[in-house]
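This is what each chain is made of:
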Amino acid sequence: MKCSIQGCPGTYEQRLIVHTVKKGADVLVFENVPSEVCDVCSDMLFAPETIRHLEQLMSRRTKPERQAPVYEYA
Ligand SMILES: [Zn+2]
């Protein structure tokens, strides 16, 4: 599929990515999330069922696989 960003000649390809979501003071990290990523500008698209699955994981308060350290840059 062709990239939807105006002027970008890239195409989307299926990749497994790391997706982070900020939820209040918490940062949630999802690994190996299937996504369409542009090979030129790295624009990202999720399929509707992927978004649904992420929301399910968040709402169920599933126990995370691992905990990740969070660093403040400043
Ligand atoms: Zn692009």
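Our subject is the structure that appears above.
All residue numbers refer to position in the chain's written sequence, counted from 1. Only residues with pLDDT of at least 70 get local features here, since the model is predicted, and only at 80 or more are side-chain atom pairs given and counted; chain-wide, interface and lining totals rely on the full set of residues.

Looking at the pairing of strand 1 (residues 12-23)
In step 1: By the criterion of burial, strand 1 is predominantly exposed, with just 0 of the 12 residues buried.
In step 2: By definition, two strands form a pair when at least two bridges between them are found by DSSP. The helix and strand labels rest on DSSP assignments: H or I over at least four residues marks a helix, E over at least two residues marks a strand, and numbering proceeds from the N terminus. Relative to strand 2 (residues 26-38), strand 1 runs antiparallel, the two being bridged by 11 bridges. Following the sheet pairing, Val-21 is matched in strand 2 by Leu-28.
In step 3: In sequence, strand 1 turns back onto strand 2 through a hairpin of 2 residues, with Gly-24 there showing a positive phi of about 60°. With C-beta atoms placed from the backbone, a residue counts as buried when 20 or more other C-beta atoms lie within 10 Å of its own, as exposed when 12 or fewer do, and as partly exposed for counts between those limits.

Quick look at the pairing of strand 2
In step 1: Pairing of strand 2 with strand 3 (residues 44-45) involves 2 bridges; the strand directions are antiparallel. Following the sheet pairing, Glu-36 is matched in strand 3 by Leu-45.
In step 2: Counted between consecutive antiparallel strands, the loop separating strand 2 from strand 3 contains 5 residues, among which Ser-42 sits at a positive phi close to 65°.

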